[in-house]
2 protein chains.
Amino acid sequence: MVNLKERKEKILQILLHHYIRTGQPVGSKTVAENYDLGLSPATIRNCFAELEEEGYLTHPYTSAGRIPTDKGYRFYVDSLIEIQQIVVKEEERIRHEYYLRLKRLEDILNYTSYLLARLSHYAGFVFSPKWERNVLQSVNFAPAGENKLLVTLLTKSGLVKYSLLDNERNIDEERLRRLSRILNRMFSGFSLAELSEKIYQEIDREEKKEIEYFKLAKRFLGQLLFSEGKEDIYLEGMNNIFNMPEFKDNKKLSDLFKFIEEKKFFFSWLKKELNSIVKKMKSEKELTNSNWINKRVKVTIGSETPFPEMRDCSVVTSVYEMDEQPVGFLGILGPKRMEYPQMISVVSFISQLVENVLQGGNYLKGESKKSRSNHPK
Amino acid sequence: MVNLKERKEKILQILLHHYIRTGQPVGSKTVAENYDLGLSPATIRNCFAELEEEGYLTHPYTSAGRIPTDKGYRFYVDSLIEIQQIVVKEEERIRHEYYLRLKRLEDILNYTSYLLARLSHYAGFVFSPKWERNVLQSVNFAPAGENKLLVTLLTKSGLVKYSLLDNERNIDEERLRRLSRILNRMFSGFSLAELSEKIYQEIDREEKKEIEYFKLAKRFLGQLLFSEGKEDIYLEGMNNIFNMPEFKDNKKLSDLFKFIEEKKFFFSWLKKELNSIVKKMKSEKELTNSNWINKRVKVTIGSETPFPEMRDCSVVTSVYEMDEQPVGFLGILGPKRMEYPQMISVVSFISQLVENVLQGGNYLKGESKKSRSNHPK
DNA sequence: TTTTAGCACTCTCCTAATCAAAGTGCTAAA
DNA sequence: TTTAGCACTTTGATTAGGAGAGTGCTAAAA
C-alpha cells in the first residue's frame, strides 16, 4: 500500500466520510468550511488534484466536486476507517429471540438474513452451512406408505435433510430400524463428507450378514447425499436498495435486481472468493489473534467483482464457523456508498451470534463437547 | 351486468385489446384505421364519450386517447375475452420435470412458482397446501441426541414437517418407537385438523397403560402442530415487473415491492378473499360442471383490492385441490394491463398440473385410493 | 518553497418558451 | 344516424438562457 502523506490521507478520509453521508460530490470549499484543517480551499484543491492523479478520486464532470474511485474506497476501508464496535440497541432482545424461539436451522438462517437486512438497512444474505462439513447426529429410516420410505438425516447443528425414496418393494419396519441403528452406530460423529466416502468403502470390512443392509444404505443415502448437495441462500431486504439515490435510474436498479435474483452467478463467485480468504485466514490465525473478529470480515467494493451490475454496490461478508471449521458465509449487500464502519460491525456481531447459536453449547445444550470427543481424529 | 349495445361492446373490446398490447392511450382514429368496423373516427368518438360516461373508460388528460377504467377491465375480463386454451410449448418437458425430478412438496411448490413466473413473464406465487387439510400418512419419533428428539410428520401429499424437541430426560428408542406406532395406528388417514382435535379428546377412552404415551404425544405433537400452523408462500419473478412501463416511475415500483415483500398484508387478504370464492365454488360445482376449469380462476383487478399499492396491478389466481378439497392457491401477479386470456390459461393449466402431481396417483403411486378408504367417514 | 487569493472557464441543473403531434368536442352537413 | 371539418387542449420534445458550484491556473503573499 502506498504511503500517502498524512495530510492527504486526512483529506481523503474527510472526503469519503462526507461523500458517504451526503451522496453529493464534495468540493474544496465544503471541506475547508466544515472540517477544521486550517487550510484554504485552494490548497485543498491542489491536494485533490494530486489524489486524483494517483487514482483515489475522480470527478463526474469537469467541474463538479470530487468523488472517490474504487481505489479510494479500498484505501478508506483498509486503512482509514476506525473500527468502532457499535452497540446494537436491541442486542438483548435479539439474543433472546435466537435462543428462545428458533430451533430449526432454516428458521435461524432465515431470521439471520432478516436481521442483517434490518440492522443494516440494506440487503442481508446468509449461506447455509456447508453440507459436507456438517457432522452427523443421526439417521432415521421410516416407512412412508406403500413402497416408500422417509429418510431423515439430522446433523449436530440442527440441520435436517429428508427425502422420500422409492423402493421396489416394502421393507418392514423392523429392518428399517435395524438399518438406522447400524448406520448410527457407525457414522454418528462423522462429517457428511466422510460419510459419503465411507459408505462406499466400509462395506468390505463388515461381517457378511450385514452386507444386505449396506447395500440398502448405499442406495438410500446415496440418493439423499447426492441430491442434497446444493446449499441454500437466504436473501432478505432487497427492497431497501430502492431508497438509494444511486439507483434512482431505473435501468441500473432493474439490472442489479435481475442479477441478484439469478443467485447462482454472483453468490457462487462470492463463495469461491471467500473460500480463498478462508485459507489465508487459517494461516494468519495463529499470528494475530487480537484483531481477529474484524479480520475475518471481508469488504468487496464495486468493480472488485467481475460483474458490471455490481459496479455501484459493495458487499460486507463474514465467515462463520462450526466446530472451529469455517462452514458458511453471511453478510450484507448495499450501495458502494455505505457506512462501512457500522456495517462491518453489524456483520461481525451477527456472525458471532450465529456461531454461538449454532455450536456454542447454547443451541444443543451440552452436546458439543460430547460430540467432539466422539469425532474421530 | 349492464347489457351494452353490441357495437359498443365491440369497441370496448378492441380498445382493451389494443391498449393491453401497446400501453398507449387509444384514440378514435387508431381504432377506425386498424380494425375494420366500417365506422368513422367521429362515430367512434361518440361511442367513446358514452362509454366514458358509463364509467368504462377515462382519459388521462383532456385530449389524449382513452384508457380503460377498472370497471372497463372488469367487463372485459368477465364477458369480452374469449378463453383460449393456449398451448404451452414445453408442456411435455414441464410434466416430465414434475414427475421425474421433484419429490418433496417444497421443491414442487418452489418449481411451480418459478414456472408461473416464467410462463407469464410476471410474478408467480404459490400458497402451500393448507396445513390442517393435509391427511396424515405417518408420524415418527426418533432420538436426536441428549434430551432431544426429532419428530417428523409425513402427509399423504408428501409434505414433511419436523421439529426438534427438548425433553427433560432421555426417552429410550424402544419407547419412542412404540409411541410412533400407536399414533400411526390411531391417526393415519386423519387430517391434521382432526388430529389436533382428537389428540386432546381421545385420551380418556384408551386403556390405562397407554396413558403415559398419550401424555407424551400430546406434548410433542402439540408443540409441532401449534408451531407449524403458518403456511408458506412461494413467490418468484418479481423482477419481471421491472420491465413494465407502468412502473417506470420509481416510487410506484418501490412501493409495490415493499408492499409485496411484506407478504402478510396482501396475501392474507387474498387468501380470505379466495376462501369466500371457494364456498361459492362448492355450491356451483354441481350445476355447471362444464366450464369448471376456468370458473375457478379468479381475476382481481387493481382497485378491487383495498391496497393503493396494488392500483396498477392485477392478480390471476386459481384454487388447487387435494382429495377433492380446495387446499391452496396459486397464481400470477402482473400489471393491470396484462394479457388476460393467456394468463388465465396459464394459471389454469399450472393449477391442474399441480393437482395431478399432488394427488392424481402420479405423485404417490397407488396411494391415493388406499388412503381414501382408510379415511374415516 | 508552500500557501493563498483572484479570476476566467466549464459544466450541470432548472426554468421558461416554443412547436409539432395527437386527439377531442362541437357543429353542421350528408 | 353518421360523417366531415375545425377550433381547442394538452403533452412531450427541444431549445435557450441564467444561476450556481467548483475547478485550474496565475500571480502574489507568507
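Residues numbered from 1 in each chain as written. Chains lettered and ligands numbered in written order. Predicted model: local features only at pLDDT ≥ 70, side-chain atom pairs only at ≥ 80, totals over all residues. Heavy atoms only, no water.

Visitor: Sorry, what's going on with the environment of Asp-78 of chain A here?
Guide: With respect to the helices, strands and loops of the structure, Asp-78 of chain A is situated in helix H4 (residues 70–80). As for Asp-78 of chain A and Val-299 of chain A, which are separated by 221 residues in sequence, their C-alpha atoms are 9.1 Å apart. (Helix = DSSP H or I, 4+ residues; strand = E, 2+ residues; numbered from the N terminus.)

Visitor: How should the sheet that holds strand E4 (residues 136–143) of chain A be read in this particular structure?
Guide: Across a sheet, strands are paired by hydrogen bonds formed along the backbone, either parallel or antiparallel in direction. Residue and element names in this part refer to chain A. On the basis of which strands lie adjacent, the open sheet formed by three strands has the order E4-E5-E6 and antiparallel pairing. Each edge of the open sheet is held by one strand with a lone partner, namely E4 and strand E6 (160–166). With direction set aside, neighbouring strand axes in the sheet form an average angle of 15 degrees. Strand direction decides the pairing type here: strand E5 (residues 148–155) and E6, joined by seven bridges, are antiparallel. Looking across to E6, one finds that Leu-153 is bridged to Lys-161. (Pairing = 2+ DSSP bridges. Axes fitted to C-alpha atoms, helices over the stretch in contact; angles between N-to-C directions.)

Visitor: Any chance you could explain the pattern of salt bridges here in plain terms?
Guide: Residues and elements named next belong to chain B. Taken as a whole, this structure holds 28 salt bridges over all chains when the rule is applied. Among the ionic pairs, Glu-246 bridges to Arg-337, the shortest N-O distance being 2.9 Å. With a gap of 91 residues between them, Glu-246 in the loop between strand E7 (233–236) and helix H10 (250–261) and Arg-337 in the loop between strand E10 (325–335) and helix H13 (340–359) connect regions that are remote in the sequence. Across the pair, exposure class does not vary: Glu-246 and Arg-337 are buried alike. Asp-312 is the salt-bridge partner of Arg-311, the closest N and O atoms lying 3.9 Å from each other. (Salt bridge = Lys/Arg side-chain N within 4 Å of Asp/Glu carboxyl O. Buried < 20%, exposed > 50% of the residue type's maximum accessible area, 1.4 Å probe, protein only.)

Visitor: Is there a simple way to think about the interface of chain B and chain A in this case?
Guide: Note: interface size is frequently given as the accessible area lost on complex formation between the parts. The interface of chain B with chain A comprises 42 residues on the first partner and 42 residues on the second. Here chain B meets chain A over a buried area of about 3700 Å², counting both sides, of which 51% is carbon and sulfur. Scanning the region where chain B abuts chain A turns up zero salt bridges. Linking chain B with chain A are four residue pairs in polar contact (both at pLDDT 80 or more). Elements supplying a minimum of two residues to the side of chain B that touches chain A: strand E4 (136–143), strand E5 (148–155), strand E6 (160–166), helix H7 (173–187), H10 and helix H14 (367–374) of chain B. (Contact = heavy atoms within 4.5 Å. Buried area = accessible area lost by both parts, 1.4 Å probe. Polar contact = N/O pair within 3.5 Å; in protein donor to acceptor, adjacent residues only side chain to side chain.)

Visitor: Looking at this model, I keep getting lost on the relation of the copies chain B and chain A. Mind explaining?
Guide: A rotation about an axis combined with a shift along that same axis relates the two copies of the chain. When chain B is fitted onto chain A, the two copies agree to an RMSD of 0.1 Å after a turn of 180 degrees and an axial shift of 0.0 Å. The superposition of one copy onto the other is thereby described by a two-fold rotation axis. For chain B, the smallest separation between a C-alpha atom and the rotation axis is recorded for Asn-250 of chain B, amounting to 3.3 Å. Both copies share a contact surface, since 100% of the interface residues of chain B are interface residues in chain A too. (Least-squares fit on C-alpha atoms with pLDDT ≥ 70 in both.)

Visitor: What is the right way to read the protein's contact with DNA strand C from this model?
Guide: Not every one of the 20 residues close to DNA strand C is listed here, only the nearest: Arg-7, Thr-43 and Thr-62 of chain A together with Ser-28 and Ser-63 of chain B. Each atom of DNA strand C within 4 Å of the protein was classed as base or backbone; sugar and phosphate made up 77%. Between a phosphate oxygen of DNA strand C and a side-chain N or O atom of Thr-62 of chain A, the distance comes to 3.0 Å. In the environment of DNA strand C, a phosphate oxygen lies 2.7 Å from a nitrogen or oxygen atom belonging to the side chain of Ser-28 of chain B. Counting only elements with at least two residues in the surface near DNA strand C, the list comes to helix H3 (41–53) of chain A together with helix H2 (28–34) and helix H3 (41–53) of chain B. The biggest single contributor to the surface near DNA strand C is H3 of chain A, with four residues. In terms of residue class, the surface near DNA strand C is made up of five nonpolar, 11 polar and four charged. (Near = heavy atom within 4 Å. Nonpolar A, V, L, I, M, F, W, Y, C, P; charged D, E, K, R; others polar.)

Visitor: Help me understand unusual backbone geometry in this model?
Guide: Excluding glycine, residues mostly carry a negative phi; peptide bonds, for their part, are mostly trans. Residue and element names in this part refer to chain A. Positioned with a positive phi, His-121 is a non-glycine residue whose angle comes to about 65 degrees. For His-121, the position within the fold is in the loop between helix H6 (105–120) and strand E3 (123–127). The exposure class of His-121 is exposed, given its relative accessible area of 55%.

Visitor: What am I meant to see in the packing of aromatic side chains here?
Guide: Working definition: an aromatic ring pair is given by the centre-to-centre distance plus the angle between the planes. Residue and element names in this part refer to chain A. With the rule as written, the count across this model stands at 38 aromatic pairs over all chains. Judged by centre distance (5.4 Å) and plane angle (40 degrees), the ring pair of Phe-242 and Phe-257 falls under tilted. One end of the pair, Phe-242, is in the loop between strand E7 (233–236) and helix H10 (250–261); the other, Phe-257, is in helix H10, and 15 residues separate them in sequence. Grouping residues by exposure puts Phe-242 and Phe-257 together as buried. Taken together, a centroid distance of 4.9 Å and an interplanar angle of 50 degrees make the contact between Phe-259 and Phe-307 tilted. Separated by 48 residues along the polypeptide, Phe-259 in helix H10 and Phe-307 in the loop between strand E8 (297–301) and strand E9 (313–322) bring together distant segments of the chain. The rings of Phe-125, Phe-127, Phe-259, Phe-266, Phe-267, Trp-269, Phe-307 and Phe-329 are connected pair by pair, giving a single aromatic cluster. The cationic tip of Lys-71 hangs over the ring face of Tyr-56; the distance from NZ or CZ to the ring centre is 4.7 Å. (Phe/Tyr/Trp six-rings, centres within 6.5 Å; stacked < 30°, edge-to-face > 60°. Lys NZ or Arg CZ within 6 Å of the ring centre and 35° of its normal.)

Visitor: What is the right way to look at the side chain of Thr-112 of chain A in this model?
Guide: Residue and element names in this part refer to chain A. By the element assignment, Thr-112 lies in helix H6. On the basis of relative accessible area, Thr-112 is assigned to the buried category, the value being 0%. Looking at Thr-112, its side chain comes within polar contact range of the main-chain oxygen of Ile-108, at 2.7 Å. For Thr-112, the contacting residues outside a window of four places in its chain are Tyr-98, Val-126, Leu-330, Ile-350 and Val-354.

Visitor: Mind showing me how you'd approach the protein's contact with DNA strand D here?
Guide: The full set close to DNA strand D counts 20 residues, and Ser-28 and Ser-63 of chain A together with Arg-7, Thr-43 and Thr-62 of chain B are the nearest of them. For DNA strand D, the backbone makes up 77% of the atoms found within 4 Å of the protein, where backbone means sugar plus phosphate. Within the contact set of DNA strand D, a phosphate oxygen lies 3.2 Å away from a side-chain nitrogen or oxygen of Arg-66 of chain A. For the surface near DNA strand D, the secondary structure elements donating two or more residues are helix H2 (28–34) and H3 of chain A together with H3 of chain B. Sorting elements by how many residues they give to the surface near DNA strand D places H3 of chain B first, with four residues.

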